Amino acid sequence: MIRFDQVTKRYPSGHEALQSLSFELAAGEMAFITGHSGAGKSTLLKLIGLIERPTRGHVTVNGHNLHGMRARGIPQHRRGIGMVFQDHRLLMDRSVYDNVALPLIIAGLPRDEVGKRVRASLDKVGLLDRERAAPVTLSTGEQQRVGIARAIVAKPAVLIADEPTGNLDPQLSAEIMQLFADFQQVGTTVLIASHDLPLVKRMGKRVLVLDHGRLLDDWRPGDP
Ligand code: ADP
Ligand code: ADP
């Protein structure tokens, strides 16, 4: 589902954020990317979302080699990928419903279909009763759940998250991670960058460890 083949990313500053990185994530697999600040975790996720492009090497997502993808193909590519950010990036002057509906409205879905999907999404994150609320009135954990509902509303095959629990206490962090595991249960491929190693280990999923842009370790469930 996601393949990195000898991927190097050098920023215009000259800094090599990823160095000849190769790994593969199967469809329906869930993995964490961990490593120190600056290890290249965000960069890796940005390459998957085509927010950045590699300097060398190839990234393949859902059977498409992103190297050949032109700018006009990017919106469709991103519709197949749900993205969750640490700061959730909600529109604070819109309702919870409107925030979650946004990707579908942009995609031009009919209004009744939008309503059905938004409510199904909010139901999955346990916020069906808050659809009319303004995000500011929600707790930080609830706001992150809205961000997750928005990421999954278009039923993406791939869900990626950049430090989704960075602002949450341990209890809420564990709940949010369990929510991601639930999406894996229904077939979504999930890749999460997190520096919370104790939490990552407790999840018992595959762990890719980055160090200065290189793959230092690739731990799989069952490994010692
Ligand atoms: P992480 O998510 O693990 O903290 P990042 O992928 O954000 O790591 O960053 C990896 C390295 O690339 C860091 O040294 C960072 O400073 C650098 N970097 C990230 N984005 C840019 C950019 N747009 N321009 C130049 N350097 C960048
Ligand atoms: P940073 O890591 O510096 O906070 P990001 O790389 O996450 O920034 O985002 C860079 C830009 O790309 C932002 O303006 C963000 O809104 C946009 N962006 C991120 N993900 C998507 C997406 N799936 N579709 C469209 N735009 C996106």
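These numbers come from a predicted model, not from an experiment.

1. Some details on the site of ligand 1
If you check the shell around ligand 1, you find Tyr11, Ser13, His15, Ala17, His36, Ser37, Gly38, Ala39, Gly40, Lys41, Ser42 and Thr43 and nothing else. Gly38 is positioned with one of its backbone polar atoms (N or O) 2.7 Å from an oxygen atom of ligand 1. Between ligand 1 and Thr43, the relevant distance is 2.5 Å, taken from an oxygen atom to a side-chain nitrogen or oxygen of the residue. In isolation ligand 1 exposes 560 Å². Once the protein is present, 65% of that is buried. When its residues are assigned to classes, the shell around ligand 1 shows 3 nonpolar, 8 polar and 1 charged.

2. Quick notes on the domain arrangement of the protein chain
When cut into domains, the protein chain gives domain 1 (1–73 + 157–224) and domain 2 (81–155). Summarising the inter-unit geometry, the C-alpha centres of domain 1 and domain 2 are found 23 Å apart. Contacts between the two partners involve 22 residues from domain 1, matched on the other side by 17 residues from domain 2. Contact between domain 1 and domain 2 buries roughly 1600 Å² in total, counting both sides, with carbon and sulfur atoms accounting for 68%.

What counts, and where the lines are drawn
- Residues numbered from 1 in each chain as written.
- Chains lettered and ligands numbered in written order.
- Predicted model: local features only at pLDDT ≥ 70, side-chain atom pairs only at ≥ 80, totals over all residues.
- Heavy atoms only, no water.
- Near = heavy atom within 4 Å.
- Polar contact = N/O pair within 3.5 Å; in protein donor to acceptor, adjacent residues only side chain to side chain.
- Areas by Shrake-Rupley, 256 points an atom, 1.4 Å probe, with all protein chains shown as cover.
- Nonpolar A, V, L, I, M, F, W, Y, C, P; charged D, E, K, R; others polar.
- Domains from an automatic or database assignment.
- Contact = heavy atoms within 4.5 Å.
- Buried area = accessible area lost by both parts, 1.4 Å probe.

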